[in-house]
Amino acid sequence: MSSKKNHARTRAQESSNAIERMYITMRHLFNRGFYKPMGISGETLREALLLLRPEIYGSIGEEKAELDGLLYVIDRLPYGIEECTFINLTSDEGYSNSHFKAIIPPKRRRNCFRIDEEQMNIEITRGRSEIYDILTHLTFMFVESHKISKRVLIDEQGTTTRDWIKLERAVMSKKELSQTEREVAITHTANILGRTFNELTQVYESFSLPNKPDRFLHLVYWLGKLAIEEVVNNNKRTVTFSPVLRERLGHHIHGEIWADTIKETLLKNGLIERPIHIISANMHSVMNSFFAPHALKTFAAKKSIFEVYEALSQKGNQDLRNKVTKEALQRGMIYIPDASGTYIDVQIFDTAKIDFSKTDIEVSKKAKDYDKPVIFVMDYAFGEQAYETMDELLKPIKVNGKKLHLNVESVSIMGKAGILEGGKGDIMIPSAHIFEGTADNYPFENELSKADLDNEGIHVCEGSMITVLGTSLQNKEILKFFFNSTWNVIGLEMEGAHYQKAIQAASKVRGSINPNVKVRYAYYASDNPLETGSTLASGGLGTSGVKPTYLITRKILQQIFN
């Protein structure tokens, strides 16, 4: 029993070391300015990822192709990237004002531009975490592409198997494939990927696009084609970092523009000196909590409030969402779509303009209009970007040459996180954030507690949470170590320590905001990376995320108003 424990711990230590190596290597490659992912310069990154074998990338270390991991990655990278030999990471350098059409990945808002047949530019405006995210995904994708080339290359001259020739013929066909032709192509692709026909038919549609039903075949072909070119002709794919990106990174350029726009809006609307409550959340839960009961009075008459929220979250109900948004804009909501490159939209609610008798939110504090709270909701930040945006937001503003400190009474962070002692849809209440790869820890007094959310039919746990460098860099061994060690970790996410670092600096060190500012953190579980089939790559939360989202939102609002 003891030898087993030591073996598991050694694997966890190896994994921790691999994450650290990846982190240092990515910074080194960024400073260098370019590298070849499948060449000598990318070797450390590849080896560390294969040693780590993150849960999200499933069978990356095996000969067979990983399908769920590929879908997860391809949803977060621009369409057509598999065809590009040159991938250039840039800052916001004006491509959006050119003839190039922005390509925005479905699951990650970022501007990407196809420059020509060989080159894809990806704009980085959210800091280092975004670079780590992209480089990790690219490394996975290129490792998978070389699995394809190994299975189809017969000799060093580039002769390929019959399966590959048949796949190429199907992909290069100008006409749409018939059902028979598609199934023949899938059969050959299954041989190439080391997967069954059944496994491929199950995922095939998930990769499809309305104008590209056979995208999966196209993806496999181009990944394999470029890998073959690397092996046979030594024509290596290259990732470069633009000089402007290297110069700007870490200087809070986008965060400062974002925060200045917000403060100017508060000033223009006479809200700058009012009590401000910051909430980092999505763009629907606070708005729906305030305005859905009245805006959808007829629809909500025979439904519970959580059924109304569930209906609002369903894709086909855009009309319902439009009604709530219209009501919100008429009753004091100011919406600031992002134009800074942070991709963080903002809603400001002037609660002096909200008639709370038309809501189901209890309000016991009787304040005069000039003292009524302003609720400021910011969309989710991404990793280290949380520090940049919160740090800039909490800085004082200059008005007529004088410094004016924001009257921030509370900061509430609600988000999705991976859980280690429960399942999808459960709630986590952190008591401290620990930064992965270091012993840096940020304990705090959380205004939210387990007792606040108990007895609602959802499992709630309380304890430390770990802020990770990337959700795609975790494996079971390292997560088990966090879970079973005295760190008492209940879950993992990417922003908590960064937010807390900025809040602590502003309140305790810089004196920018009230030293006794109230903080609230709560997360709902998007996945359990310790359970096979429950990682982020296995799909979204669906409607199981609705109840925990709104329970947390309503509890935050109740605490603000009571």
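Thresholds applied
Starting from 1, residues in each chain are numbered consecutively following that chain's sequence as written. Where totals are concerned, whole chains, interfaces and linings use all residues; where local detail is concerned, this predicted model gives features only for residues with pLDDT of at least 70, and gives and counts side-chain atom pairs only at 80 or more. Side-chain figures throughout are based on the complete set of non-hydrogen atoms in the structure, without hydrogens or water. Under the scheme used here, helices are H or I runs from DSSP no shorter than 4 residues and strands are E runs no shorter than 2 residues, and both carry numbers assigned from the N terminus. In this setup the radius of gyration rests on C-alpha atoms only. A globule is expected at 2.2 Å times the number of residues raised to 0.38. In this scheme, a residue with accessible area under 20% of its type's maximum is buried, one over 50% is exposed, and one in between is partly exposed, where area comes from a 1.4 Å probe on protein chains only. By definition in these notes, contact holds between two residues if any of their heavy atoms fall within 4.5 Å. Only the protein chains shown count as cover for residues, and the accessible areas themselves come from Shrake-Rupley with a 1.4 Å probe. For helices, the fitted axis covers only the stretch in contact; all axes are lines through C-alpha atoms, and the angles between them, taken along N-to-C directions, range from 0 to 180 degrees. Angle categories are assigned with fixed cut-offs, so that under 35 degrees is roughly parallel, over 145 is roughly antiparallel, 65 to 115 is roughly perpendicular, and the rest are oblique. Any residue outside Ala, Val, Leu, Ile, Met, Phe, Trp, Tyr, Cys, Pro, Asp, Glu, Lys and Arg is labelled polar, Gly included; the first ten of those are nonpolar and the last four are charged. For this analysis, a nonpolar core means a set of buried residues of the types Ala, Val, Leu, Ile, Met, Phe, Trp, Tyr and Cys, connected via side-chain atoms within 4.5 Å. The disulfide criterion is simple: two cysteine sulfur atoms within 2.5 Å. Following DSSP output, two strands are said to pair if at least two bridges run between them. Note: the arc covers the axis-to-C-beta directions of the helix. By convention in these notes, a salt bridge is any Lys or Arg side-chain nitrogen within 4 Å of a carboxyl oxygen on Asp or Glu. Whether two aromatic rings pair depends on their centres lying within 6.5 Å, for rings of Phe, Tyr and Trp, where Trp uses its six-membered ring; planes under 30 degrees apart make the pair stacked, over 60 edge-to-face, and the rest tilted. Think of it as a cone above the ring: NZ of Lys or CZ of Arg counts as a charge over the ring if it is within 6 Å of the ring centre and within 35 degrees of the ring normal.

Asker: Where do I start with the overall build of the chain in this structure?
Answerer: Counting its regular elements, the chain contains 19 helices and 18 strands. Against the globule reference of 24 Å for 562 residues, the chain gives a C-alpha radius of gyration of 25 Å, in line with a compact fold. If you line up the chain on its principal axes, its C-alpha atoms span 80 × 55 × 55 Å. Counting across all 562 residues of the chain, residues that qualify as buried make up 56%. Of all intrachain contacts in the chain linking residues separated by at least 6 positions in sequence, the fraction that spans at least 24 positions is 78%. Surface exposure of the chain reaches about 24900 Å², of which carbon and sulfur atoms provide 48%.

Asker: Any chance you could explain the packing of helix α2 (residues 43-52) against helix α4 (residues 128-152) here in plain terms?
Answerer: Packed helices, taken two at a time, are described by the angle between their axes plus the distance between the axes. Packing of α2 against α4 brings their axes to within 10 Å, and their N-to-C directions diverge by 85°. By the angle between their directions, the pair α2 and α4 is classed as roughly perpendicular. Of the residues in α4, those touching α2 at Leu45, Arg46, Leu49 and Leu50 are Thr136, Thr139, Phe140 and Val143. Classifying every residue of the contact of α2 with α4 gives five nonpolar, two polar and one charged.

Asker: Mind showing me how you'd approach the nonpolar core here?
Answerer: Grouped burial of nonpolar side chains is what soluble globular proteins tend to show. One finds Leu89, Ile122, Ile131, Leu138, Leu193 and Phe241 to be the most contacted residues of the largest nonpolar core, which totals 86 residues. The element contributing the most residues to this core is α4, with eleven residues. Not counting residues within four places of it along the chain, the set of residues in contact with Ile131 comprises Phe30, Leu89, Ile124, Phe241, Leu245 and Leu249.

Asker: Just to check I follow, could you spell out the state of the cysteines for this structure?
Answerer: Disulfides are covalent bonds that link the sulfur atoms of two cysteine residues. One pass over the full model with this rule turns up zero disulfides. The structure places no disulfide on Cys84, whose sulfur is separated from the nearest cysteine sulfur, that of Cys112, by 10 Å. For Cys84, a relative accessible area of 1% puts it in the buried group. Judged by relative accessible area, Cys112 falls into the buried class, the value being 0%.

Asker: Teacher, can you tell me more about the sheet that holds strand β3 (residues 102-103) here?
Answerer: Pairing between the strands of a sheet is mediated by backbone hydrogen bonds and can be parallel or antiparallel. What the six strands build is an open sheet, ordered β1-β6-β2-β5-β4-β3; its pairing is mixed. The open sheet has two edge strands, β1 (34-35) and β3, and neither has a second partner. For β3 and strand β4 (residues 112-114), the ladder comprises two bridges, and the chain directions are antiparallel. Considered in β4, the bridge of Ala102 is made with Phe113.

Asker: Would you mind showing me how to read helix α5 (residues 162-172) here?
Answerer: Counting along an α-helix, one turn takes 3.6 residues, and residues three or four places apart therefore face a common direction. Looking only at α5, the buried set comprises Asp163, Trp164, Leu167, Ala170 and Val171. Looking straight down α5, one finds its buried side chains confined to an arc of 125°; they lie on one side. Projecting away from the buried face of α5 at angles above 90 degrees are the exposed residues Arg162 and Arg169. Those residues of α5 hidden inside the fold are in contact with α4, α6 (179-193) and α8 (215-233).

Asker: What is the right way to read the pairing of strand β18 (residues 518-527) from this model?
Answerer: A regular strand places its side chains on the two faces of the sheet in alternate fashion. Most of β18 sits out of view: nine of its ten residues are buried. For strand β13 (residues 408-419) and β18, the ladder comprises nine bridges, and the chain directions are parallel. Note that in β18 the partner of Met414 across the bridge is Ala522. One ladder, built from two bridges, connects strand β14 (residues 427-435) with β18; its direction is antiparallel. In the strand pairing of β18, Met428 is matched with Tyr523.

Asker: Help me understand the pairing of β13, please; the structure alone is not making it clear to me.
Answerer: Extensive coverage of β13 is indicated by the burial of ten of its twelve residues. Pairing of β13 with strand β17 (residues 489-493), which is carried by two bridges, proceeds in the antiparallel orientation. Of the residues in β17, the one forming a bridge with Gly418 is Leu492.

Asker: Help me understand the side chain of Ser15 in this model?
Answerer: Mapped onto the elements of the fold, Ser15 is located in helix α1 (residues 2-32). A residue is classified by how much of its surface remains accessible, and Ser15, at 0% relative accessible area, is buried. Among residues more than four places away in sequence, those in contact with Ser15 are Leu52, Asn475 and Ile478.

Asker: I would appreciate a short explanation of the pattern of salt bridges in the present structure.
Answerer: Side chains carrying opposite charge are able to pair once their charged atoms draw close together. Inspection of every chain in the model, using the stated rule, returns 24 salt bridges. One salt bridge connects Arg237 with Glu230, and the closest N-O pair in it is separated by 3.1 Å. The residues Arg237 and Glu230 share a single accessibility class, namely buried. With its nearest N and O atoms 3.3 Å apart, the salt bridge here joins Arg331 to Glu327. Residue Arg331 is classed as partly exposed on the basis of its relative accessible area, which comes to 32%. Sharing partners across several salt bridges, the network here consists of Arg108, Arg110, Arg126, Glu130 and Asp133.

Asker: I'm lost on the packing of aromatic side chains in this one. Help?
Answerer: Ring pairs (aromatic) are described by centroid distance and by the angle formed between their planes. Scanning all chains against the criterion turns up 20 aromatic pairs. Their ring planes at 75° and their centres at 5.3 Å tell us that Phe30 and Phe241 sit as a pair that is edge-to-face. Here the residue Phe30 occupies a position in helix α1, and Phe241 occupies one in strand β6 (residues 238-241), the gap between them amounting to 211 residues. As far as burial versus exposure is concerned, Phe30 and Phe241 are alike and both buried. Linked through ring pairs, Phe290, Phe291, Phe349, Phe356 and Phe561 together constitute an aromatic cluster. The ring of Tyr72 is capped by Arg76, whose NZ or CZ atom sits 3.7 Å from the centre of that ring. Against the face of Phe306 rests Lys547, its NZ or CZ located 5.7 Å from the ring centre.

Asker: What should I look at first to understand unusual backbone geometry in this one?
Answerer: Glycine aside, a negative phi is what most residues show, and trans is what most peptide bonds show. One non-glycine residue, Arg53, lies in the positive phi region at around 45°. Tracing the sequence through the fold places Arg53 in the loop between α2 and α3 (67-74).

Note that all results are geometric; they support no functional claim without further evidence.
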